[in-house]
Amino acid sequence: MPDCAFCRIVAGDEPGSVVFEDEASVGFLDNRPLFPGHVLLVPRDHHEAFWDLPPDLVGSLFANAQLLSVAVRDAMGADGAFVAANNVVSQSVPHFHVHIVPRVRKDGLRGFFWPRRKYEDEEHLAETAATIRAEVERRGA
């Protein structure tokens, strides 16, 4: 097993403010939250990115994310929740994790998704879609 801060929390070898756990995953408070109540949900086993997760784990992990998003929203008196996962880029700990962040209207996270761009033109849009469809087909879906 790699030297991983999240694996140590899951194993109980490092303190973490655990708010949820089952056989598939563990949820704990982020130690540098966007807002109080910001939870990180991690699979118990070490997987670095979303594409590394075993297919039979994806459903239970995201069912737990759904449960936690409602629990965090209601516990924190929020209007909603932001649910997201970085993969490799901007991933401070290389152990797949889902961020569940309580959100209220006008909370100041307007720039969270960086500047959005438009496709150069309809041809660029169509080429991009075709390239992704081809890769999906190559992978057998």
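Residues numbered from 1 in each chain as written. Predicted model: local features only at pLDDT ≥ 70, side-chain atom pairs only at ≥ 80, totals over all residues. Heavy atoms only, no water.

**Points about the sheet that holds strand E3 (residues 39-43)**
Judged by pairing direction, the sheet is antiparallel, and its five strands sit side by side in the order E1-E2-E3-E5-E4 without closing on themselves. Edge positions in the sheet fall to strand E1 (18-21) and strand E4 (80-84), since each of these pairs with one other strand and no more. Each neighbouring strand pair of the sheet contributes to a mean axis angle of 20 degrees, computed without reference to strand direction. One ladder, built from five bridges, connects E4 with strand E5 (residues 98-103); its direction is antiparallel. Across the sheet, residue Gly80 finds its bridge partner in E5, namely Arg103. Running over the sheet, helix H2 (residues 55-75) touches E1, strand E2 (25-29), E3, E4 and E5 and is turned about 165 degrees from E3. (Pairing = 2+ DSSP bridges. Helix = DSSP H or I, 4+ residues; strand = E, 2+ residues; numbered from the N terminus. Axes fitted to C-alpha atoms, helices over the stretch in contact; angles between N-to-C directions. Contact = heavy atoms within 4.5 Å.)

**Structural notes on a nonpolar patch on the surface**
On the surface, a nonpolar cluster with roughly 540 Å² of combined accessible area is contributed by Phe50, Trp51, Phe62, Val88 and Val89. Relative to the helices and strands, Val88 is located in the loop between E4 and E5. (Patch = residues over 30% accessible without salt bridge, like charges linked within 9 Å, V, L, I, M, F, W, Y side chains within 5 Å. Areas by Shrake-Rupley, 256 points an atom, 1.4 Å probe, with all protein chains shown as cover. Salt bridge = Lys/Arg side-chain N within 4 Å of Asp/Glu carboxyl O.)

**Here's the deal with the packing of aromatic side chains**
Under the criterion given, the structure shown has three aromatic pairs. Look at Phe50 and Phe62: their rings are 6.0 Å apart centre to centre, the planes differ by 90 degrees, and that puts the pair in the edge-to-face class. With Phe50 in the loop between E3 and H2 and Phe62 in helix H2, this residue pair connects regions lying 12 residues apart in the sequence. Classification of Phe50 as partly exposed rests on a relative accessible area of 38%. Judged by centre distance (5.8 Å) and plane angle (45 degrees), the rings of Phe50 and Phe96 are tilted. Of the two residues, Phe50 sits in the loop between E3 and H2 while Phe96 sits in the loop between E4 and E5, which places them 46 residues apart along the sequence. (Phe/Tyr/Trp six-rings, centres within 6.5 Å; stacked < 30°, edge-to-face > 60°. Buried < 20%, exposed > 50% of the residue type's maximum accessible area, 1.4 Å probe, protein only.)

**So, the pattern of salt bridges**
In this structure the tally under the stated criterion is seven salt bridges. One salt bridge connects Arg138 with Glu135, and the closest N-O pair in it is separated by 2.7 Å. Taken together, the residues Arg138 and Glu135, both in helix H3 (residues 122-138) and three residues apart, mark about one turn of the helix. Take Glu135: its relative accessible area is 30%, and that puts it in the partly exposed class. Each of Asp3, Arg8 and Glu14 takes part in salt bridges that share partners, so that together they form one network.

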